Amino acid sequence: MLGPAIAQLQADPEAGEAAAAAFQRLKPICAQLLRLRQEPQSLAAALRVLQDTIESLPTAGLRRCYDYTMYPLLFMLDAAAAMRASPPGAGPAQPVNSTSTASTAAANGGKAGGAGRPQALMSVPAMQQDTAVEALLRCVLALLQRCEGLEADQLLPLLQHVGVLLQLPRTSLCEEVGDPL
């Protein structure tokens, strides 16, 4: 299984070096993202740093770090969808602006989601705030723009996670997601 990947690295040592250099820059940022899941402002700032890093890395190195970089972002997309979905019988969930401290997860007994709501694998309370969601979406967009030619098995999970967000009522999404282009 690793044979083709090792053969590819041996055939193109410059790409391997670019991937190693990209990983060294991405690792400290990506490693802290989920640790900041309780802190909306800190998470949004870390996501902005990630976006800047994504935009500055050589494409060859970044492309090989796509899965590593996308991993924490997928958890955040899940949490954003779960926290913004309406509970059954209630009106549409409202996005929380950057100055609000309301906690949807606390209102649900600390659980993301509920009956009939999207479920998040990990609670990321920071995704209640628009600033954090907007920074997350900018990172995902930057990663997609820089990593051309992704495999279907890399794109499908992202499309599934974003699809859940896009199925929510526009009133429950921040302006960047809820408004048509």
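Quick caveat: nothing in here was measured; it's all calculated off a predicted structure.

What counts and how
Residues numbered from 1 in each chain as written. Predicted model: local features only at pLDDT ≥ 70, side-chain atom pairs only at ≥ 80, totals over all residues. Heavy atoms only, no water. Helix = DSSP H or I, 4+ residues; strand = E, 2+ residues; numbered from the N terminus. Buried < 20%, exposed > 50% of the residue type's maximum accessible area, 1.4 Å probe, protein only. Contact = heavy atoms within 4.5 Å. Areas by Shrake-Rupley, 256 points an atom, 1.4 Å probe, with all protein chains shown as cover. Phe/Tyr/Trp six-rings, centres within 6.5 Å; stacked < 30°, edge-to-face > 60°. Disulfide = S-S within 2.5 Å. Patch = residues over 30% accessible without salt bridge, like charges linked within 9 Å, V, L, I, M, F, W, Y side chains within 5 Å. Salt bridge = Lys/Arg side-chain N within 4 Å of Asp/Glu carboxyl O. Axes fitted to C-alpha atoms, helices over the stretch in contact; angles between N-to-C directions. Parallel < 35°, antiparallel > 145°, perpendicular 65-115°, else oblique. Left-handed = near helix turned anticlockwise from the far one by under 90°. Expected span 1.5 Å × (residues − 1). Core = buried A, V, L, I, M, F, W, Y, C linked by side-chain atoms within 4.5 Å.

Student: Looking at this model, I keep getting lost on the overall build of the chain. Mind explaining?
Tutor: A tally of regular secondary structure across the chain gives nine helices and zero strands. Residues classed as buried in the chain amount to 42% of the 181 residues present. For the chain, the share of sequence-separated contacts (at least 6 apart) that also reach a separation of at least 24 residues comes to 81%. Element-wise, carbon and sulfur atoms account for 57% of the exposed surface of the chain, whose accessible area totals about 9,600 Å².

Student: Just to check I follow, could you spell out the packing of aromatic side chains for this structure?
Tutor: By convention here, two paired aromatic rings are described through the distance between centres and the angle between planes. Under the criterion given, the structure shown has two aromatic pairs. With 4.9 Å between their ring centres and 65° between their planes, Phe-23 and Tyr-68 make a pair best called edge-to-face. Residue Phe-23 is located in helix 2 (residues 13-33), and its partner Tyr-68 is located in helix 5 (residues 66-84); the two are separated by 45 residues in the primary sequence. Exposure remark for Tyr-68: the relative accessible area of 31% places this residue in the partly exposed category. Ring centres of Tyr-71 and Phe-75 lie 5.0 Å apart, and the angle between their planes is 85°; on these two criteria the pair is classed as edge-to-face. A residue pair is termed a helical-turn pair when its members lie 3 or 4 positions apart in one helix, as Tyr-71 and Phe-75 do in helix 5 at four residues. Looking at Tyr-71, the relative accessible area reads 53%, which means it is exposed.

Student: Help me understand the state of the cysteines in this model?
Tutor: In a disulfide, the sulfur atoms of two cysteines are held together by a covalent bond. Inspection of the entire model under this criterion finds zero disulfides. Cys-30 takes part in no disulfide bond, and the closest cysteine sulfur, belonging to Cys-139, lies 8.6 Å away. Given the relative accessible area of 7%, Cys-30 is considered buried. Just so you know, Cys-65 is unpaired, no disulfide at all, and the nearest cysteine sulfur is the one on Cys-30, 8.6 Å from it.

Student: Would you take a moment to explain a nonpolar patch on the surface for this structure?
Tutor: Taken together, the side chains of Leu-144, Leu-155 and Leu-159 present a nonpolar region at the surface, about 240 Å² in accessible area. For Leu-159, the location among the structural elements is in helix 8 (residues 152-166). By relative accessible area, which is 57% here, Leu-159 ends up exposed.

Student: I keep staring at the packing of helix 2 against helix 3 (residues 40-56) and nothing clicks. Help me out?
Tutor: The relative placement of two packed helices is expressed as an angle between their axes plus a distance between the axes. Packing of helix 2 against helix 3 brings their axes to within 10 Å, and their N-to-C directions diverge by 155°. Between helix 2 and helix 3, the angle falls in the class roughly antiparallel. Judged by the twist between their axes, the crossing of helix 2 over helix 3 is left-handed. In contact with Arg-25, Leu-26, Ile-29, Cys-30, Gln-32 and Leu-33 of helix 2, helix 3 contributes Leu-43, Ala-46, Leu-47, Val-49, Leu-50, Thr-53 and Ser-56.

Student: Help me understand helix 7 (residues 130-146), please; the structure alone is not making it clear to me.
Tutor: Note: α-helices contain 3.6 residues per turn, so residues at a spacing of three or four share the same orientation. When the terminal C-alpha atoms of helix 7 are compared, their 24 Å separation across 17 residues agrees well with the 24 Å that a helix rising 1.5 Å per residue should span. Every buried residue belonging to helix 7 is among Asp-130, Ala-132, Val-133, Glu-134, Ala-135, Leu-136, Cys-139, Val-140, Ala-142, Leu-143 and Arg-146, and all of these are buried.

Student: Looking at this model, I keep getting lost on the nonpolar core. Mind explaining?
Tutor: Across soluble globular proteins, you tend to see nonpolar side chains buried next to one another. The biggest cluster of nonpolar side chains holds 44 residues, and the ones touching the most others in it are Leu-43, Leu-47, Leu-50, Leu-73, Met-76 and Met-127. Counting only elements with at least two residues in this core, the list comes to helix 2, helix 3, helix 5, helix 7 and helix 8. Element by element, the count of residues in this core is highest for helix 5, at eleven residues. If sequence neighbours within four positions are ignored, Met-76 has contacts with Leu-33, Leu-34, Leu-43, Leu-47, Val-124, Met-127 and Leu-136.

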